[in-house]
Amino acid sequence: MAKYGKKAQETVHEVMDKFKKGELKSGGSGKKVTDRKQAVAIGLSEAREKGAKVPEPPKKK
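Description of the structure in this document. (Residues numbered from 1 in each chain as written. Predicted model: local features only at pLDDT ≥ 70, side-chain atom pairs only at ≥ 80, totals over all residues. Heavy atoms only, no water.)

### Some points on the packing of helix α1 (residues 6–21) against helix α2 (residues 36–50)
The N-to-C vectors of α1 and α2 enclose an angle of 140°; their axes lie 8 Å apart at closest approach. When the axis of α1 is compared with that of α2, the two are oblique. For the element pair α1 and α2, the recorded crossing hand is right-handed. Of α2, the residues touching α1 (which contributes Ala-8, Thr-11, Val-12, Glu-14, Val-15, Met-16 and Phe-19) are Arg-36, Ala-39, Val-40, Ile-42, Gly-43, Leu-44, Glu-46, Ala-47 and Lys-50. Partitioned by chemical class, the residues of the contact of α1 with α2 number 10 nonpolar, two polar and four charged. (Axes fitted to C-alpha atoms, helices over the stretch in contact; angles between N-to-C directions. Helix = DSSP H or I, 4+ residues; strand = E, 2+ residues; numbered from the N terminus. Parallel < 35°, antiparallel > 145°, perpendicular 65-115°, else oblique. Left-handed = near helix turned anticlockwise from the far one by under 90°. Contact = heavy atoms within 4.5 Å. Nonpolar A, V, L, I, M, F, W, Y, C, P; charged D, E, K, R; others polar.)

### Quick word on α2
Each turn of an α-helix holds 3.6 residues, which means side chains three or four residues apart point in the same direction. For α2, with 15 residues, the first-to-last C-alpha span of 21 Å sits near the 21 Å given by 1.5 Å per residue. Those residues of α2 lying buried are Ala-39, Ile-42, Gly-43, Leu-44 and Ala-47. In this structure, the buried residues of α2 make contact with α1. Backbone geometry just after α2 places Gly-51 at a positive phi near 90°. (Expected span 1.5 Å × (residues − 1). Buried < 20%, exposed > 50% of the residue type's maximum accessible area, 1.4 Å probe, protein only.)

### Describing the environment of Lys-18
Mapped onto the secondary structure, Lys-18 falls in helix α1. The partly exposed category is assigned to Lys-18, whose relative accessible area is 46%. Taking C-alpha positions, Lys-18 is 9.8 Å from Val-33, a pair spaced 15 residues apart along the chain. If near-sequence neighbours (up to four positions away) are discounted, Lys-18 is found in contact with Glu-23 and Leu-24.

### Notes on the environment of Ser-45
In this fold, Ser-45 is placed in helix α2. A relative accessible area of 33% places Ser-45 in the partly exposed class.

Shown next as structure tokens:
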């Protein structure tokens, strides 16, 4: 079974396009995102907010 839903994939794709163009800003500070992994995390977070099928983030210990 798929880990991520189609809507989640589309949301991450849109965020990565913004990242590649240099338009993606972080939520808290508003600074430009320069890390690819952070961009993916932002995309998954936005997908969760939209109600897409995305697993819960790992719990910190």
